[in-house]
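Chain by chain, the residues:
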Amino acid sequence: MQVRVLGAAAGGGYPQWNCNHPNSRRARTGDPAARPRTQSSVAVSADGERWILFNASPDLRQQINDNDVLHPRTGLRDSPIKAVALTNADVDHVAGLLNLRESQAFALYGTGRVLEVLAANSIFNVLNPELVVRRALQLETVVALCDAAGRTLGVSVRAFAVPGKVALWLEDARKGPNFGSVAEDTIALEVLDDAGATRFFYIPGCAQMPADLQARLRGAPLVFFDGTLWVDDEMIRDGVGVKTGKRMGHMSVSGADGTIAALADLDIARKVFIHINTTNPILIEDSPERVAAEASGWQVAYDGMMLEV
Ligand code: MLT
Ligand code: MN
């Protein structure tokens with residue numbers, strides 16, 4: 001499978017539009033050690049021709065323009081994007097669907113819960129229902145991804161719930177400390193090549209690392225994982241926000257209960273941080289945190305990064 005990182009930043013992108021944190025300022029100066037990034041999404045293909053997007057970021061129009069494999073090829077209206085699979089209903093993962101209007105056929109996959117919130121929001125009717133087929137992913141079930149006409153694309157996914165939180169725009173404080181979140185609000189995708197040769201995990205949002213998730217990831221050839229924050233109180237400490245990572249549904253990269261430690265001994269061949277917040281020092285190539293992440297065997301995703309698995 002070919003994997004192309006379309007966007008590596010968290011919601012808001014890097015630099016975020018209203019952020020004047022030193023990290024964001026450095027990206028605006030054109031510093032090559034602080035490369036800007038669009039909001040998180042990857043494209044996957046088994047044949048190099050037909051592509052599946054994992055999440056549709058608000059920056060999708062730019063991402064398509066920046067990646068020639070996603071350009072129209074034949075006829076007057078065409079797209080190699082044959083399917084989109086969603087891991088949650090966060091703005092940074094669904095708003096890009098609005099870019100995919102203009103009567104182009106593709107298949108849209110998400111959990112029943114995520115498809116339900118899209119169906120309840122009539123702006124998504126711009127995806128012509130005669131052409132865009134919405135299909136529910138059942139948890140713990142391998143689904144062969146297909147185009148709108150039902151032709152298999154050579155890639156299957158097994159969706160499974162990970163610790164997380166309902167999308168910010170759906171939070172309901174009356175429903176208790178987790179705002180009414182249910183298992184289908186935040187999923188990970190185990191992505192399987194239909195030839196049976198390989199697989200990888202796509203997990204751009206995850207709030208904790210329970211033992212059963214560690215067990216699933218053990219021995220994987222490739223894992224993309226939530227790299228939102230370096231430390232849980234990063235936004236508070238740096239004076240740019242009031243929320244911790246835990247409050248936002250993200251475990252942090254560093255520390256005894258962080259991602260680097262949690263995935264250290266799992267024999268994972270390639271580990272890549274994605275969904276990286278504008279404040280995270282791993283975005284800066286010469287920062288001690290970036291050096292530490294790389295020394296621990298992690299890569300920091302960037303827009304245009306290409307991987308083969
Ligand atoms: C998140 O990942 O926490 C969300 O994308 C936040 C947001 O919706 O801005
Ligand atoms: Mn997000």
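Above this text you will find the structure in question.
Remember, it's a predicted structure, so these values are computed and weren't measured experimentally.

*Asks:* Report on the sheet that holds strand 14 (residues 306-308), specifying residues and quantitative values.
*Replies:* With mixed pairing, the seven strands of this open sheet are ordered in space as 6-5-4-3-2-1-14. In this open sheet, the two strands that pair with only one neighbour each are strand 6 (132-137) and strand 14. For this sheet the average axis-to-axis angle between neighbouring strands, irrespective of direction, equals 20°. Bridge analysis of strand 1 (residues 2-7) against strand 2 (residues 41-45) gives five bridges, and the strand direction is antiparallel. From the neighbouring strand, Arg4 faces strand 2, where its bridge partner is Ala43. Along the sheet, helix 4 (residues 112-119) makes contact with strand 5 (106-111) and strand 6, crossing strand 5 at roughly 115°.

*Asks:* Tell me what's going on with helix 4, and back it up with residues and numbers.
*Replies:* Along helix 4, the positions that sit buried rather than exposed are Val114, Leu115, Val117 and Leu118. Angularly, the buried residues of helix 4 cover 160° about the axis, an arc narrow enough to put them on a single face. In helix 4, those exposed residues whose orientation departs by more than 90 degrees from the buried face are Glu116 and Ala119. Against the buried residues of helix 4 lie helix 3 (91-94), strand 5 and strand 6.

*Asks:* I'd like a description of the side chain of Ser79, backed by residues and values.
*Replies:* For Ser79, the location among the structural elements is in the loop between helix 2 (60-66) and strand 4 (81-85). Within polar-contact distance, the side chain of Ser79 engages the backbone nitrogen of Ile81 at 3.0 Å.

The rules behind the values
Residues numbered from 1 in each chain as written. Chains lettered and ligands numbered in written order. Predicted model: local features only at pLDDT ≥ 70, side-chain atom pairs only at ≥ 80, totals over all residues. Heavy atoms only, no water. Pairing = 2+ DSSP bridges. Helix = DSSP H or I, 4+ residues; strand = E, 2+ residues; numbered from the N terminus. Axes fitted to C-alpha atoms, helices over the stretch in contact; angles between N-to-C directions. Contact = heavy atoms within 4.5 Å. Buried < 20%, exposed > 50% of the residue type's maximum accessible area, 1.4 Å probe, protein only. Arc of directions from axis to C-beta. Polar contact = N/O pair within 3.5 Å; in protein donor to acceptor, adjacent residues only side chain to side chain.

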